[in-house]
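# Summary of the model geometry
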Amino acid sequence: MIVDKMQVQAEKEIVLNIAEEAVIESEDRAKSEVSEEEDVHFHDVKLLLQEGVHEDDVKRLKNAGINTVKGVLMTIRKNILALGIDETKLSHIYEVCAKIDMNNIFITAAEVAELRNKIFKLSTGSKRLDQLLGGGIEAMSITEVFGEFGSGKSQLAHTLCVTTQMPGPNSYLGGKVIFVDTEHTFRPDRIRMIADRFNLNQATVLDNILYARAYNSEHQWELLNHIGEKLHEDPGLYKLLIIDSIMALFRVDFSGLGEITDRQKKLGQMMSRLQKMSEEFNIAVFITNQISSDIRINDMDRATYKPIGGNILAHASTNRIFFQKGQGPLRKAMVFSSTDLEESEEEFIITAGGVDDAYS
Ligand code: ATP
Ligand code: MG
C-alpha cells in the first residue's frame, strides 16, 4: 500500500516536472533568441526607429496598443491617421513594415500549408471532442462554444486552462493562459481539481493563469489593450486567451432596442481585435456565448437554438460549437459552423477533473 502511494507520488512528480520544464523552456525560448516560427509574429514596432520612423510616431503606435509590425499592417490607414500620424509618414511606415514582414504580400500555397502545420491545437480533455474539432482548439483563430446554462462552456474553459499548460502533439511545449471573466464564474478550486486529474502541481498551474474580471463592456475592451501589451512583453509565453462569456456584458450595457446597432458595431470591433491578436501573437482565442431565448422548432420537431450576437459574431468566429445537456454528466457537442470542420457531433462528460470522454 505504502509502496503504491510512493509510486503514485513519484509518477506525479515526473509529470509535474515535465509540465514545469515545458513552461520554463518556453519562457527561456521567449526571452532568448526568437525562434524561426516566432520570427514571423514578433517584430517589435521599435524596429521602425532603425528605418527612420520618428520616435514620437512609434510611441503613438504603442500607446494605441499596436506593438508589432504585423499589428501595423493589420490596422487600416484611417485608424492610424487618427493617432496623429500624417499621410506621408504613414506611407513610409507601411512601406517599412512590409519590408520587415516579408510574408505580408504573397506567399505560395505550399508556404501557407507549412505555416498551417505549425499551428498548435489545445486539447479539450476529451479525445473525441478533440477529434470533432480537428485536433483541438486551434491557434490563430477564434473558437466559440455556445449553449444553454450548465451545458459545460465554463467547464471546458477551466479544463483548457490546465491542458494548455501541458505539452502536446507537433512539438507543442505548453504555455500560459489569460482568462477574462465577465460572469464571475471562474473558480480556482475547479482548476485545482483538474490539475489533480493530470497529476500536475496545483500551485504551478494556478500561477500560469492570468485572470481578469471584466465589469462592463468598455472595461472588457480596455482589458484587450492590457492583454495586447502582456502578449507583446512575453512573446510566445501565452498560448490561450479565454473570454467567458463574450456577450454577457454587452447584453447588459446595450439592453435598449435602439442600442443594438451601436452594440453590434462595438462587438464587431472587439471580434476583429481578437482575430488580429490571435494571428499577431500566435495564440488560440476561446470564447463562450449564450443562446437566444427565441427558440424555434425546426422541421424535425427539434428545438433550434441560436447563439446571440447576430451576424457579427457568426462571421467572426472561425469555429462555432453548440453544447447541449444530456443525462447527468453527459453532454453533446455539435459543429454549428466552421471554415473547415465537418458538421458532425460527439458526446463528452463533465467530471470533477473537467471535460472528459464519455466512453473510449
Ligand atoms: P452558463 O451559461 O450558466 O455559464 P455553462 O455552460 O458555463 O453555463 P458550466 O458552468 O460549464 O455551464 O457547467 C456547469 C455544470 O458542470 C454543472 O451543472 C455540473 O453538471 C458540472 N460540474 C460543475 N462542477 C463539477 C464538478 N466538480 N464535478 C462534476 N461536474 C461538475
Ligand atoms: Mg458559464
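Residues numbered from 1 in each chain as written. Chains lettered and ligands numbered in written order. Predicted model: local features only at pLDDT ≥ 70, side-chain atom pairs only at ≥ 80, totals over all residues. Heavy atoms only, no water.

## A closer look at the site of ligand 1
The immediate surroundings of ligand 1 are formed by 15 residues, with G150, G152, K153, S154 and Q155 found nearest. One nitrogen or oxygen atom from the side chain of S154 is found 2.9 Å from an oxygen atom belonging to ligand 1. At 3.2 Å from an oxygen atom of ligand 1 is found a side-chain nitrogen or oxygen belonging to R331. Coverage of ligand 1 by the protein amounts to 64% of the 650 Å² it exposes when considered alone. Looking at the shell around ligand 1, the elements that each hand over two or more residues are α10 (153-163), α11 (188-197) and β12 (345-351). With three residues, the single largest contributor to the shell around ligand 1 is α10. (Near = heavy atom within 4 Å. Polar contact = N/O pair within 3.5 Å; in protein donor to acceptor, adjacent residues only side chain to side chain. Areas by Shrake-Rupley, 256 points an atom, 1.4 Å probe, with all protein chains shown as cover. Helix = DSSP H or I, 4+ residues; strand = E, 2+ residues; numbered from the N terminus.)

## Some details on the environment of F348
Considering the arrangement of structural elements, one finds F348 in strand β12. As a C-alpha pair, F348 and R128 span 220 residues in sequence and 7.5 Å in three-dimensional space. Not counting chain neighbours up to four residues away, the residues in contact with F348 comprise S126, L129, S151, F323, P329, L330, R331, K332, A333, V355, D356 and A358. (Contact = heavy atoms within 4.5 Å.)

## Quick look at the side chain of R263
Note on placement: R263 falls in helix α15 (residues 260-280). Not counting residues within four places of it along the chain, the set of residues in contact with R263 comprises M247, F250, R251, F254 and G309.

## Topic: the packing of α10 against α11
Between two packed helices, both the angle of their axes relative to each other and the distance between the axes serve to describe the pair. Between α10 and α11, the least distance of the axes is 9 Å, while the angle of their chain directions is 55°. In terms of orientation, α10 and α11 fall into the oblique class. The element α10 and its partner α11 pack so that their crossing is right-handed. Here α10 contributes Q155, H158, T159, C161 and V162 to the contact with α11, which in turn contributes R190, I191, I194 and A195. When the residues that make up the contact of α10 with α11 are grouped by side-chain class, the tally is five nonpolar, three polar and one charged. (Axes fitted to C-alpha atoms, helices over the stretch in contact; angles between N-to-C directions. Parallel < 35°, antiparallel > 145°, perpendicular 65-115°, else oblique. Left-handed = near helix turned anticlockwise from the far one by under 90°. Nonpolar A, V, L, I, M, F, W, Y, C, P; charged D, E, K, R; others polar.)

## A look at the pattern of salt bridges
Enumeration according to the criterion identifies 16 salt bridges in this entry. Between D101 and K70 there is a salt bridge, with the nearest N and O atoms lying 4.0 Å from each other. Of the two residues, D101 sits in the loop between α7 (87-100) and α8 (109-117) while K70 sits in helix α5 (residues 69-74), which places them 31 residues apart along the sequence. Judged by relative accessible area, which is 5%, D101 ranks as buried. Judged by its relative accessible area of 17%, K70 is buried. The salt bridge partner of E345 is K332, with a shortest N-O separation of 3.3 Å. A residue pair is termed long-range when its members are at least 10 positions apart, and E345 in strand β12 and K332 in strand β11 (residues 330-338) qualify at 13 residues. The partly exposed category is assigned to E345, whose relative accessible area is 42%. By relative accessible area, which is 23% here, K332 ends up partly exposed. (Salt bridge = Lys/Arg side-chain N within 4 Å of Asp/Glu carboxyl O. Buried < 20%, exposed > 50% of the residue type's maximum accessible area, 1.4 Å probe, protein only.)

## Side note on the side chain of E346
In this fold, E346 is placed in strand β12. The exposure class of E346 is buried, given its relative accessible area of 16%. Polar side-chain contacts of E346 include one of 3.2 Å to the side chain of R128. Ignoring anything within four residues of it in the chain, the contact list for E346 reads R128, L129, L132, R331, K332 and A333.

## Concerning the sheet that holds strand β3 (residues 142-147)
What the nine strands build is an open sheet, ordered β5-β4-β6-β7-β3-β10-β11-β12-β13; its pairing is mixed. The open sheet has two free edges, formed respectively by β5 (209-213) and β13 (354-357), since each of these has just one partner strand. Going across the sheet, the axis of each strand differs from the next one's by a mean of 25°, ignoring polarity. Against the sheet, α10 makes contact with β3, β4 (176-181), β5, β6 (238-244), β7 (284-289), β10 (319-325), β12 and β13, and its axis sits at roughly 160° relative to β7, the strand it touches most. Against the sheet, helix α13 (residues 217-233) touches β4, β5 and β6, its axis set at about 175° to β6. (Pairing = 2+ DSSP bridges.)

## Quick word on the environment of R116
Note that R116 resides in helix α8. The class for R116 is partly exposed, based on a relative accessible area of 40%. Placed 24 residues apart in sequence, R116 and M140 show a C-alpha to C-alpha distance of 9.5 Å. Residues contacting R116, with those up to four places away along its chain left out, are E138 and D340.

## Quick notes on the pairing of β6
Every other side chain in a regular strand lies on the same face of the sheet, so the side chains alternate between the two faces. Extensive coverage of β6 is indicated by the burial of seven of its seven residues. In terms of strand pairing, β4 meets β6 through six bridges, oriented parallel. By the bridge assignment, K176 is partnered in β6 with Y238. Pairing between β6 and β7: four bridges, direction parallel. Considered in β7, the bridge of I243 is made with I287.

Everything listed is a geometric property; what it means functionally is a separate question.
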